[in-house]
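One-letter residues, chain by chain:
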Amino acid sequence: MPMSDRHISQHFETLAIHAGNTADPLTGAVVPPIYQVSTYKQDGVGGLRGGYEYSRSANPTRTALEENLAALEGGRRGLAFASGLAAEDCLLRTLLRPGDHVVIPNDAYGGTFRLFAKVATRWGVEWSVADTSDAAAVRAALTPKTKAVWVETPSNPLLGITDIAQVAQVARDAGARLVVDNTFATPYLQQPLALGADVVVHSLTKYMGGHSDVVGGALIVGDQELGEELAFHQNAMGAVAGPFDSWLVLRGTKTLAVRMDRHSENATKVADMLSRHARVTSVLYPGLPEHPGHEVAAKQMKAFGGMVSFRVEGGEQAAVEVCNRAKVFTLGESLGGVESLIEHPGRMTHASAAGSALEVPADLVRLSVGIENADDLLADLQQALG
């Protein structure tokens, strides 16, 4: 964060609006311009104006976003990418070498699993699966070659909760780095770096952008040296966030706090209704007292977020029918937008995990609860369940 931004405030809502968002020095515009440019005039050979030479290496709009992300996560360096998976790929190729080992969660995003199982494996990276909600299970999965422990909390799509501080200690004891995918929680609800994580991963496509109109990813770190290594690979590999995409996410982070408050409020009402519905066999939401990770989530999260999963009686076909009957909830992949979405993970977002240790239950339905009127959402789910 620039020094001018360091003294604004330590309150999240203020940082979200002001960090990285300096007024344009030429016009005074309060919103950073979209620098839709590929190259920059140099002040003599090697004389870079403001450090900019080529927009793969750096772009002022992307810089504003990266400073904003670092501030919100309490990190020293933020880096923005073309997608969440581009961010993950850069991280893996920065941290790992052929022969290294990673512990991944038994409940991970399907794209993350595919990246390990179908891409990193061919590069010689070894991985094993553990229930990261159990620190002993993580410790048992470690090997002398383990260089990273990968965590999602809440996880996708089973909403599992991992004690970040506890697993961070397990990773540290083994000389490994802890990577936390904070996409579901966002930095407004949870800050993994403060709890001992080394790297935070985001799909900016989701809550950070918040309007289902941009694809992006991010890495945020607290260690300056690691930040420099990641920045080198970001430039060398080139999957950077474009200026317009950066601008869209920067717009989204300004309202993140108020949106997450409403997402969490609505999701709590939805989870409560579903837990009392005769056709629902279980509800997966960390805000429910009966959730096995409720106490840990209450300790490390400000609220419980907008994602709810549930299982229905009647198996896979019944779950698919619920998805098809929804009207206010839009049938679609992704999550974190202002509109409510419904999907069948087994056939959609997590199809790549079929037949593996990460395969999701066939009767599972996942909701991204939006910010619409809660009564309309409840009525829609009740009619969809029949």
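Residues numbered from 1 in each chain as written. Predicted model: local features only at pLDDT ≥ 70, side-chain atom pairs only at ≥ 80, totals over all residues. Heavy atoms only, no water.

Looking at an unreviewed UniProt entry, the protein chain carries the name Cystathionine gamma-synthase, with the source organism given as Streptomyces coelicolor. Recorded in UniProt under Catalytic activity (unreviewed entry), the annotation for the protein chain is "O-succinyl-L-homoserine + L-cysteine = L,L-cystathionine + succinate + H(+)". Its UniProt record gives the protein chain the following Sequence similarities (unreviewed entry) comment, quoted word for word: "Belongs to the trans-sulfuration enzymes family." (UniProt positions renumbered as here; feature names shortened; annotations may be inferred.)

(A) Geometry of the environment of Phe-329. As for its position among the elements, Phe-329 is in the loop between helix 13 (315-325) and strand 10 (330-331). A relative accessible area of 1% places Phe-329 in the buried class. Separated by 39 residues in sequence, Phe-329 and Ser-368 have C-alpha atoms that sit 8.6 Å apart. Once residues within four sequence positions are removed from consideration, Phe-329 is found in contact with Ser-340, Leu-341, Ile-342, Leu-367, Ser-368, Val-369, Leu-377, Asp-380 and Leu-381. (Helix = DSSP H or I, 4+ residues; strand = E, 2+ residues; numbered from the N terminus. Buried < 20%, exposed > 50% of the residue type's maximum accessible area, 1.4 Å probe, protein only. Contact = heavy atoms within 4.5 Å.)

(B) Geometry of the sheet that holds strand 9 (residues 307-312). Taken in spatial order, the 5 strands line up as 8-9-12-11-10 in an open sheet, and their pairing is mixed. The two strands at the open ends of the sheet, each matched to only one other strand, are strand 8 (280-284) and strand 10. As paired elements, strand 8 and strand 9 share 4 bridges and run antiparallel to each other. The residue bridging Leu-284 from the neighbouring strand is Ser-309, located in strand 9. Relative to the sheet, helix 13 contacts strand 9, strand 10, strand 11 (341-343) and strand 12 (364-368), its axis offset from that of strand 9 by approximately 135°. (Pairing = 2+ DSSP bridges. Axes fitted to C-alpha atoms, helices over the stretch in contact; angles between N-to-C directions.)

(C) Broad picture of the domain arrangement of the protein chain. According to the domain assignment, the protein chain contains domain 1 (12-251) and domain 2 (256-385). A straight line from the C-alpha centre of domain 1 to that of domain 2 covers 25 Å. Opposite the 37 residues of domain 1 that make contact, domain 2 presents 43 residues. Both sides of the domain 1 and domain 2 interface together cover about 3200 Å² of buried area, and 66% of this is carbon and sulfur. Summed over the three residues of domain 1 that lose the most area to domain 2, namely Tyr-188, Leu-189 and Tyr-207, the buried surface amounts to 24% of that side. Linking domain 1 with domain 2 are 1 salt bridge, by the criterion used here. (Domains from an automatic or database assignment. Buried area = accessible area lost by both parts, 1.4 Å probe. Salt bridge = Lys/Arg side-chain N within 4 Å of Asp/Glu carboxyl O.)

(D) How the structure looks around the side chain of Asn-59. If you trace the backbone, Asn-59 turns up in the loop between helix 2 (12-18) and helix 3 (60-73). A relative accessible area of 1% means that Asn-59 is categorised as buried. Within polar-contact distance, the side chain of Asn-59 engages the side chain of Ser-55 at 3.1 Å. Ignoring any residue separated from it by four or fewer positions in sequence, one finds Asn-59 in contact with Tyr-35, Val-37, Tyr-40, Tyr-52 and Pro-243. (Polar contact = N/O pair within 3.5 Å; in protein donor to acceptor, adjacent residues only side chain to side chain.)

(E) Inspection of helix 11 (residues 256-275) at higher detail. Given a rise of 1.5 Å per residue, 20 residues ought to cover 28 Å, and the 28 Å separating the end C-alpha atoms of helix 11 matches this to within 8%. Looking at helix 11, one finds that the buried residues are Leu-256, Ala-257, Arg-259, Met-260, His-263, Ser-264, Asn-266, Ala-267, Val-270, Ala-271, Met-273 and Leu-274. (Expected span 1.5 Å × (residues − 1).)

(F) Quick peek at the packing of aromatic side chains. In total, this model carries 6 aromatic pairs according to the counting rule given. When the centroid spacing of 5.6 Å and the interplanar angle of 35° are considered together, the rings of Tyr-40 and Tyr-52 count as tilted. Here the residue Tyr-40 occupies a position in the loop between helix 2 and helix 3, and Tyr-52 occupies one in the loop between helix 2 and helix 3, the gap between them amounting to 12 residues. Summarising the burial analysis for this pair, Tyr-40 and Tyr-52 share the class buried. Ring plane angle 85° and centroid distance 5.5 Å describe the contact between Phe-116 and Trp-150, whose orientation is recorded as edge-to-face. You can see Phe-116 sitting in helix 5 (residues 110-120) and its partner Trp-150 sitting in strand 4 (residues 146-152), a full 34 residues away along the chain. Each of the two residues, Phe-116 as well as Trp-150, counts as buried. (Phe/Tyr/Trp six-rings, centres within 6.5 Å; stacked < 30°, edge-to-face > 60°.)

(G) Spatial organisation of the UniProt feature "modified residue: N6-(pyridoxal phosphate)lysine" (unreviewed entry) in the protein chain. Annotation from UniProt places "modified residue: N6-(pyridoxal phosphate)lysine" (unreviewed entry) at Lys-206. With respect to the helices and strands, the residue Lys-206 is situated in the loop between strand 6 (199-203) and strand 7 (217-221). Setting aside chain neighbours within four positions, we find Lys-206 in contact with Thr-183, Ser-334, Leu-335 and Gly-336.

(H) View of the pairing of strand 7. Counted residue by residue, strand 7 has 5 buried out of 5 residues, so it is predominantly covered. Both faces of strand 7 are covered, namely the face carrying Gly-217, Leu-219 and Val-221 and the face carrying Ala-218 and Ile-220. As defined by bridge partners, strand 1 (residues 77-81) adjoins strand 7 across 5 bridges and the pair is classed as antiparallel. Each residue of the ladder has a partner; that of Arg-77, found in strand 7, is Val-221. Judged from the 5 bridges that link them, strand 6 and strand 7 form a sheet pairing that is antiparallel. If you follow Val-200 over to strand 7, its bridge partner there is Ile-220.

(I) Layout of the packing of helix 11 against helix 14 (residues 374-385). Remark: helix 11 packs on helix 14, axes separated minimally by 10 Å, with the N-to-C direction vectors making an angle of 30°. Judged on the interaxial angle alone, helix 14 and helix 11 are roughly parallel. For the pair helix 11 and helix 14, the crossing hand works out as right-handed. Contacts between helix 11 and helix 14 pair Asn-266, Lys-269, Val-270, Met-273 and Leu-274 from the former with Ala-374, Leu-377, Leu-378, Leu-381, Gln-382 and Leu-385 from the latter. Partitioning the contact of helix 11 with helix 14 into residue classes produces 8 nonpolar, 2 polar and 1 charged. (Parallel < 35°, antiparallel > 145°, perpendicular 65-115°, else oblique. Left-handed = near helix turned anticlockwise from the far one by under 90°. Nonpolar A, V, L, I, M, F, W, Y, C, P; charged D, E, K, R; others polar.)

(J) Seen up close, the nonpolar core. Core analysis: the largest hydrophobic core is formed by 67 residues, its most contacted members being Leu-274, Val-283, Tyr-285, Val-308, Phe-310, Ile-342 and Leu-367. Among the elements that make up this core, the one with the highest residue count is helix 11 (8 residues). Shared between two domains, this core takes at least three residues from each, and those domains are domain 1 (12-251) and domain 2 (256-385). Excluding anything up to four places from it in sequence, Phe-310 contacts Leu-274, Val-280, Ser-282, Val-283, Val-322, Asp-363, Leu-364, Val-365, Leu-367 and Leu-385. (Core = buried A, V, L, I, M, F, W, Y, C linked by side-chain atoms within 4.5 Å.)

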